[in-house]
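One letter stands for each residue in the lines below.
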Number of protein chains: 2
Amino acid sequence: MKIILDAMSGDYAPLEILRGAAQAKGEYPEIDILLVGDPDTITSVARKDGLDIEKMEIYASSSVISMEDAPLSVIHDKKDSSMGVGLKLLSQGEGDAFVSAGNTGALLAGASLIVRRLKGIARPGIGAILPLLNPVLLLDSGANITVTEENLEMFAVMGSVYMSKIYGIERPRVGQINNGAEPTKGLPLQIAAYERLSKNENINFVGNIEGKDIPFDTCDVLVADGFTGNVVLKLTEGMGKMMLHTMKDLFYANALTMLSASLMKTRINDLKHRFDSSEHGGAPILGIRKPVIKAHGGSDAKAIKNAIFQAVGFVKDDINGEIERVVNELSDKSKA
Amino acid sequence: MKIILDAMSGDYAPLEILRGAAQAKGEYPEIDILLVGDPDTITSVARKDGLDIEKMEIYASSSVISMEDAPLSVIHDKKDSSMGVGLKLLSQGEGDAFVSAGNTGALLAGASLIVRRLKGIARPGIGAILPLLNPVLLLDSGANITVTEENLEMFAVMGSVYMSKIYGIERPRVGQINNGAEPTKGLPLQIAAYERLSKNENINFVGNIEGKDIPFDTCDVLVADGFTGNVVLKLTEGMGKMMLHTMKDLFYANALTMLSASLMKTRINDLKHRFDSSEHGGAPILGIRKPVIKAHGGSDAKAIKNAIFQAVGFVKDDINGEIERVVNELSDKSKA
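Residues numbered from 1 in each chain as written. Chains lettered and ligands numbered in written order. Predicted model: local features only at pLDDT ≥ 70, side-chain atom pairs only at ≥ 80, totals over all residues. Heavy atoms only, no water.

### Quick notes on the relation of the copies chain B and chain A
Next up, step 1: Laying chain B over chain A is done by rotating through 179 degrees and shifting 0.0 Å along the axis; what remains is an RMSD of 0.1 Å. One copy is carried onto the other by what is essentially a two-fold rotation axis.
Next up, step 2: Counting the interface residues of chain B, we find that 100% of their copies in chain A are interface residues as well, pointing to one common contact surface. (Least-squares fit on C-alpha atoms with pLDDT ≥ 70 in both. Contact = heavy atoms within 4.5 Å.)

### Digging into helix α6 (residues 188-199) of chain B
Residues that lie three or four places apart on an α-helix share one face, since the helix turns once every 3.6 residues.
Next up, step 1: In a regular helix each residue adds 1.5 Å, so 12 residues correspond to 16 Å; α6 of chain B covers 17 Å between its end C-alpha atoms and thus fits that length.
Next up, step 2: The set of residues buried in α6 of chain B consists of Leu189, Gln190, Ala193, Tyr194 and Leu197 of chain B. Buried residues along α6 of chain B cover an arc of 130 degrees about the axis, so they all sit on one side. Exposed side chains of α6 of chain B directed beyond 90 degrees from the buried face belong to Pro188 and Lys199 of chain B.
Next up, step 3: Those residues of α6 of chain B hidden inside the fold are in contact with α7 (226-251) of chain A together with α5 (149-166), β8 (173-177), β9 (204-209) and β10 (221-223) of chain B. (Helix = DSSP H or I, 4+ residues; strand = E, 2+ residues; numbered from the N terminus. Expected span 1.5 Å × (residues − 1). Buried < 20%, exposed > 50% of the residue type's maximum accessible area, 1.4 Å probe, protein only. Arc of directions from axis to C-beta.)

### Quick look at the sheet that holds strand β10 (residues 221-223) of chain A
All names here are of chain A.
Next up, step 1: The strand order across the open sheet built from 5 strands is β6-β7-β10-β8-β9, with neighbouring strands paired in mixed fashion. What marks the edges here is a single partner per strand, and that holds for β6 (128-130) and β9 (204-209). In this sheet, neighbouring strand axes are inclined to one another by 30 degrees on average, regardless of whether the strands run parallel or antiparallel.
Next up, step 2: Pairing geometry for β6 and strand β7 (residues 136-139), over 3 bridges, is antiparallel. Of the residues in β7, the one forming a bridge with Ala128 is Leu138. (Pairing = 2+ DSSP bridges. Axes fitted to C-alpha atoms, helices over the stretch in contact; angles between N-to-C directions.)

### Considerations on the confidence of the model for chain A
Next up, step 1: The predicted model of chain A averages 93 in pLDDT, with 99% of residues at 70 or higher.
Next up, step 2: In the predicted complex, the global pTM is 0.91; the interface-specific ipTM is 0.90. (pLDDT = per-residue confidence, 0-100.)

### Concerning the packing of aromatic side chains
Next up, step 1: Taken as a whole and judged by the stated rule, the model has 6 aromatic pairs over all chains.
Next up, step 2: Taking 5.1 Å as the distance between ring centres and 75 degrees as the angle between the ring planes, the aromatic pair formed by Tyr194 of chain A and Phe205 of chain A counts as edge-to-face. Of this pair, Tyr194 of chain A sits in helix α6 (residues 188-199) while Phe205 of chain A sits in strand β9, and the two are 11 residues apart along the sequence. The burial state of Tyr194 of chain A is the same as that of Phe205 of chain A; both residues are buried.
Next up, step 3: The ring of Phe216 of chain B is capped by Lys241 of chain A, whose NZ or CZ atom sits 5.8 Å from the centre of that ring. (Phe/Tyr/Trp six-rings, centres within 6.5 Å; stacked < 30°, edge-to-face > 60°. Lys NZ or Arg CZ within 6 Å of the ring centre and 35° of its normal.)

### Here we look at the side chain of Gln190 of chain B
Next up, step 1: For Gln190 of chain B, the location among the structural elements is in helix α6.
Next up, step 2: At 2.9 Å, the side chain of Gln190 of chain B forms a polar contact with the backbone nitrogen of Leu187 of chain B. (Polar contact = N/O pair within 3.5 Å; in protein donor to acceptor, adjacent residues only side chain to side chain.)

### Some words on the environment of Ser81 of chain A
Residue and element names in this part refer to chain A.
Next up, step 1: Tracing the sequence through the fold places Ser81 in the loop between β3 (57-60) and α3 (82-91).
Next up, step 2: Of the residues examined, Ser81 reaches a relative accessible area of 0% and is grouped as buried.
Next up, step 3: For the pair Ser81 and Met8, spaced 73 residues apart in the sequence, the C-alpha separation amounts to 8.7 Å.
Next up, step 4: If we ignore the near neighbours within four places in the chain, the residues touching Ser81 are Ser61, Ser63, Val64 and Ile65.
Next up, step 5: In terms of polar contacts, Ser81 uses its side chain to reach the backbone amide nitrogen of Gly84, at 3.0 Å.

### Points about the interface of chain B and chain A
Next up, step 1: Residue-level contacts link 47 residues of chain B with 47 residues of chain A.
Next up, step 2: Applying the counting rule to chain B against chain A returns 2 salt bridges.
Next up, step 3: Measuring nitrogen to oxygen at the nearest pair gives 2.3 Å for the salt bridge that ties Lys234 of chain A to Glu210 of chain B.
Next up, step 4: For the pair chain B and chain A, the interface holds 6 residue pairs in polar contact (both at pLDDT 80 or more).
Next up, step 5: Of all the secondary structure elements, the ones that give two or more residues to the side of chain B that touches chain A are α7 (226-251), α8 (255-263) and α9 (265-274) of chain B.
Next up, step 6: A total of 20 residues in the side of chain B that touches chain A trace back to one element, the largest contributor, which is α7 of chain B.
Next up, step 7: Residues belonging to the side of chain B that touches chain A are distributed by class as follows: 26 nonpolar, 15 polar and 6 charged. (Salt bridge = Lys/Arg side-chain N within 4 Å of Asp/Glu carboxyl O. Nonpolar A, V, L, I, M, F, W, Y, C, P; charged D, E, K, R; others polar.)

### With respect to the sheet that holds strand β7 (residues 136-139) of chain B
Adjacent strands of a sheet form backbone hydrogen bonds with each other and so pair up, either parallel or antiparallel.
Residue and element names in this part refer to chain B.
Next up, step 1: Read from one edge of the open sheet, 5 strands run β6-β7-β10-β8-β9, paired in mixed fashion. Looking at which strands have only one partner, the edges of the open sheet turn out to be β6 (128-130) and β9. Taken pair by pair, the neighbouring strands of this sheet meet at an average axis angle of 30 degrees, ignoring direction.
Next up, step 2: Judged from the 3 bridges that link them, β7 and β10 form a sheet pairing that is parallel. Note that in β10 the partner of Leu139 across the bridge is Val223.
Next up, step 3: Set on the sheet, α7 makes contact with β6, β7 and β8; between it and β6 the angle comes to about 45 degrees.

### Concerning the pairing of strand β8 (residues 173-177) of chain A
Residues and elements named next belong to chain A.
Next up, step 1: For β8, the buried fraction is high: 4 of the 5 residues fall into the buried class.
Next up, step 2: Taken together, the 5 bridges between β8 and β9 define a ladder with parallel strand orientation. Each residue of the ladder has a partner; that of Gly175, found in β9, is Gly207.
Next up, step 3: As for the winding sense of the linkage, the β-α-β connection from β8 through α6 to β9 is right-handed.
Next up, step 4: By the bridge criterion, 3 bridges tie β8 to β10 in an arrangement that is parallel. Across the sheet, the residue bridging to Val174 is Val221, located in β10. (Right-handed = clockwise from strand over helix to strand, strands pointing away.)

The structure is reproduced here in structure tokens:
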């Protein structure tokens, strides 16, 4: 299996990207990695850092998409970027999946236009695992700031396949973020989506989920428009971070609390891991013909390594094959 | 000063409402309290619980608005309810402020239609203090699920007056919840509101606030449409609750951690207070001619007591006078 990796995008590219690639390769030498970026930069950064990238291919690209570039730059003036070239290679079958820590809008646009959408999926969505005590896949997490009820239904279908295959959850519970639990709550969008989600037999819809219930294991897949999803994802991350800071302050109070903290180290570290978004790798873009993983812009080596492993799982578990199967079934039903 | 109190609305009415009234009166005997509700129920519940309500007036009402009742029931079939009667008394000048733990939609509708809006305010908003390390007034917190950019601007103006008067914050920082920091981020609503907020010299606009930054003291007033605001308020509450649960679990690990917890008691309790929404009393409805405070549906005695004190502050600090002054100034400017 070959993972195509955008070596040039992200806040800490290329160093942390290359470190992550080397770590992934170190743990699983059978994963082939194709680095896309400027060959001179890649080799010199790797050499300086003592990274072993001997067994990785490098494919040359000549520009980098910045966080400020317009989404469509990936198919226009920056189609020769590491992201544009990587997506092109993916669409041509030169690799099985693509991982990038670059500009989200450009990655989604490029994935949709270069790799193309799965049949029956009008809007691909970006899923993100909320850093909570239990994993919750939030979809859409920011790519599509306006959506239709049909889009939300497909997010539910794709998210269910993902959580059942990747996390082994049988009949994942699907919830819709809303301002109240009743079916009549929300904007016209949420009301219409509630009806569609209730009727869809391919998913296990558990109803509307209020903000206060999100942290308490109420669902496995959470659908939302990308505006609300983005606010929810970032607020959850922010609150988790604040929580860890606050606990740290408490434990640094005096010698005894520091001692007890050291005795609870395993449990505290476990909490840290849960609330640390880099543990979950990247965000899968669901609804594209080939797996594309968006790694966090601020990804360090560990986050990149995990995003690579996530891409491997996406391919191995044939998430796309299963999504296509369900979408066909739905389309046959609606024809019947 | 006389506070009119809806004795019959809320999950734990009338007992916890009466207890809260008695506590408020116990601490500040100079506050007059006018209870609205069924006189027999009120007197018998108070007697059974040994509450001293001798010095409070009781005004009879004959029904109660439930959480399921339509907002407009407060002016139609349930205008004789404790909420409807209380609002009527307020509009007639029989008291200085009204506190209710009842149906939010009905309270907002009743306040707007019976007590009426302040001149220049098209949409009153419900403010809520986010239970974070520092107080942040979120406005709107759920009353108006769709708003215009003008509404958001007025929420910013009213919220600034409130935070400067009640919390003594000089030039409160106003932020807008958005899916990114740049002025061009968000839906057309957020983009248009950004422009208006930037130009308004009566407020101290600090820009768009992303979810991840909300917990880190980035602003004092946070404006949002009521849908997003509701999700943010409840998610913040839910994450705070989860955080306290998680800490409790950690501290119950063994004898040493329990000992260190007992030594950090003051600091842990301080955290509990900060993340406990009942500490902040109720949610002020801003933009109504007289102060109306919405107490949480699940209010206990302490929350009601704090909501009463909040109503007192609202009156004493003449929040409405100041809002009117700023709104007039803005309207004069736009005429000039």
